[in-house]
Amino acid sequence: MGLPLLYHDAEVASSYHTASYAAVAAALPGDLLRPLRWRGGRTLVSVHAFRYRTVTWTAPDGGTRTLAPYGEVGVTAGVVGGPALRGRPRAGRAVGGFVLYLPVTSREARDVGWELWGLPKSVADMDFLDAPDRHRVRLSEGGTEVLTHTVRVRGPALLGSRSRTLWSTRGGQLVETVVPVFAWWQARPGPGAGELVLGAHAVADELRGLELSPRPLAAFRALEYRCALPAGRPVAPVGTRPGHLGADRAFGRFTVAHPGTAPLDQYAGGTTDPESGPARSAAQR
């Protein structure tokens, strides 16, 4: 398939929480990445809720193809990658995130993430609330709630950074992906900016083991968000970090409610057949 994947139209809400430095370090694949240091033996972990409405990619024949719309919740450890990574200047280092957990609402999005970046994706159910004063997602799997993530942000928006660096593991290699981003962000510092509630699911227990704070240091919401997801770059051999697989479903539940409306099923009008999407094309190459 032709990369990058282009995300033209998305809703994004994120929050930054403290967590146990030691617990997060133990969850990373080896010592090439180190958690960011926060005071009191803590580090930073971000929780992101995405709704992707328009995602395109270029097929081998030069035509434009689309992915079915999907929801995504990411839990990412803030990390530093040092000069031990191949291609990094001796004195250089990069700050970014290592993806710990990344459920989505379609098999298509899961398989693309697995095959091309080794991202720890699984198919789950997501129920979003999109209101002027808050953004909330309830994430569940098999009828059991994993987490509820709420962001309360209003006010003026500022242009954010032009890129973000993500690390994942694929085929015994640490993969570094630099993602160009164009976004206007509303921001709110302090614990009143949001809330993270963990449920009774096994994944929630794993996240609970990181000692995530339920209230964030700060939260953000994008009024406009566009990005390009290019091919990742293998930077060093690394041990395999198993991810949560979940059930093999074509689609999870994906609903959005607005003030005064019942939840709207985002897949009610039909969806792209996952078997004709980019994951299959990549496998056939």
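All figures in this text were calculated on a predicted structure; none of them were measured in a lab. (Residues numbered from 1 in each chain as written. Predicted model: local features only at pLDDT ≥ 70, side-chain atom pairs only at ≥ 80, totals over all residues. Heavy atoms only, no water.)

Asker: Give me the layout of surface pockets: which residues, what numbers.
Answerer: Taken as a whole, the largest pocket holds about 660 Å³ of empty space. Residue lining of the largest pocket: 29 residues in total, with Y16, H48, S161, R164 and W185 positioned closest to the centre. Of all the secondary-structure elements, those providing two or more residues to the lining of the largest pocket are β1 (2-20), β3 (42-58), β5 (70-81), β6 (94-101), β11 (163-170), β12 (173-189) and β14 (218-229). The element that contributes the greatest number of residues to the lining of the largest pocket is β3, accounting for five residues. When grouped by side-chain class, the residues that make up the lining of the largest pocket number 16 nonpolar, 12 polar and one charged. A volume near 260 Å³ is recorded for the second largest pocket. The wall of the second largest pocket is formed by 19 residues, among which G118, L119, T169, R241 and G243 lie closest to the centre. Of all elements in the fold, only β6 and β11 reach the threshold of two or more residues within the lining of the second largest pocket. Across the lining of the second largest pocket, the residue classes break down as seven nonpolar, nine polar and three charged. (1 Å grid on protein atoms, 1.4 Å probe; cavity = no way out; pocket = protein on both sides within 12 Å on 5 of 7 lines; lining within 4 Å. Points joined across faces, edges and corners; volume = space filled by probe spheres on them. Helix = DSSP H or I, 4+ residues; strand = E, 2+ residues; numbered from the N terminus. Nonpolar A, V, L, I, M, F, W, Y, C, P; charged D, E, K, R; others polar.)

Asker: Break down helix α2 (residues 107-117) for me, with residues and values.
Answerer: Of all 11 residues in α2, eight are buried, a share of seventy percent or more. Residues of α2 that are buried: R107, E108, A109, R110, D111, V112, G113 and W117. Just beyond α2, the residue with positive phi is G118, at close to 70 degrees. (Buried < 20%, exposed > 50% of the residue type's maximum accessible area, 1.4 Å probe, protein only.)

Asker: Before we move on, could you go through the sheet that holds strand β7 (residues 125-131) and cite the residues and values that matter?
Answerer: Taken in spatial order, the six strands line up as β13-β9-β8-β7-β16-β17 in an open sheet, and their pairing is mixed. Of all the strands in the sheet, the pair left with one neighbour each is β13 (194-198) and β17 (264-265). By the bridge criterion, seven bridges tie strand β8 (residues 134-141) to strand β9 (residues 144-151) in an arrangement that is antiparallel. Its bridge partner lying in β9, E141 is registered against T144. (Pairing = 2+ DSSP bridges.)

Asker: How would you sum up the packing of aromatic side chains? Please name residues and give values.
Answerer: Scanning the model with the defined rule gives 10 aromatic pairs in all. Ring geometry for F50 versus Y52: centroids 5.2 Å apart, planes at 20 degrees, classification stacked. The pair formed by F50 and Y52 is uniform in burial state, with each residue classed as buried. Relative to Y267, the ring of F254 has its centre 5.5 Å away and its plane inclined at 70 degrees; by these criteria the two rings are edge-to-face. One end of the pair, F254, is in strand β16 (residues 254-257); the other, Y267, is in the loop between β17 and α4 (278-284), and 13 residues separate them in sequence. On the accessibility criterion, Y267 (11% relative accessible area) is buried. A cation over a ring is seen here: R37 above Y21, with NZ or CZ 4.1 Å from the ring centre. Note that R110 overlies the ring of W114, its terminal NZ or CZ placed 4.2 Å from the centroid. (Phe/Tyr/Trp six-rings, centres within 6.5 Å; stacked < 30°, edge-to-face > 60°. Lys NZ or Arg CZ within 6 Å of the ring centre and 35° of its normal.)

Asker: Which residues make up the environment of V99, and what are the values?
Answerer: Mapped onto the secondary structure, V99 falls in strand β6. C-alpha of V99 to C-alpha of L119: the two residues are 20 residues apart in sequence and 7.1 Å apart in space. Excluding anything up to four places from it in sequence, V99 contacts V75, T76, L119, P120, L166 and W167. (Contact = heavy atoms within 4.5 Å.)

Asker: I'd like to hear about the nonpolar core, residue by residue, with values.
Answerer: Grouped burial of nonpolar side chains is what soluble globular proteins tend to show. Counting 66 residues, the largest nonpolar core has L5, Y70, L174 and Y225 as its most contacted members. A13, V151, A193 and A219 belong to the second largest nonpolar core, which has five residues in total. (Core = buried A, V, L, I, M, F, W, Y, C linked by side-chain atoms within 4.5 Å.)

Asker: Go over the pairing of β9 with me, naming the residues and quoting the values.
Answerer: Across the eight residues that make up β9, a large majority, six, are buried. Connecting the antiparallel pair β8 and β9 is a turn made up of two residues, with G142 showing a positive phi of about 60 degrees. As paired elements, β9 and β13 share five bridges and run antiparallel to each other. Following the sheet pairing, H149 is matched in β13 by L196.

Asker: Which residues make up empty space enclosed by the protein, and what values do they have?
Answerer: Applying the stated rule across the entire model yields one cavity of 30 Å³ or more. Space inside the largest cavity adds up to approximately 320 Å³. Residue lining of the largest cavity: 26 residues in total, with E72, L102, L119, R164 and L166 positioned closest to the centre. Mapped by element, the contributors of at least two residues to the lining of the largest cavity are β1, β3, β5, α2, β11, β12 and β14. Residues belonging to the lining of the largest cavity are distributed by class as follows: 17 nonpolar, six polar and three charged.

Asker: Give a detailed account of the environment of G232, specifying residues and quantitative values.
Answerer: Structurally, G232 is set in the loop between β14 and β15 (233-237). Accessibility expressed as a relative area gives 26% for G232, which makes it partly exposed. Along the backbone, G232 and Y70 are 162 residues apart, and their C-alpha atoms lie at a distance of 21 Å. Setting aside its immediate chain neighbours within four residues, G232 contacts W117, V175, E176 and T177.

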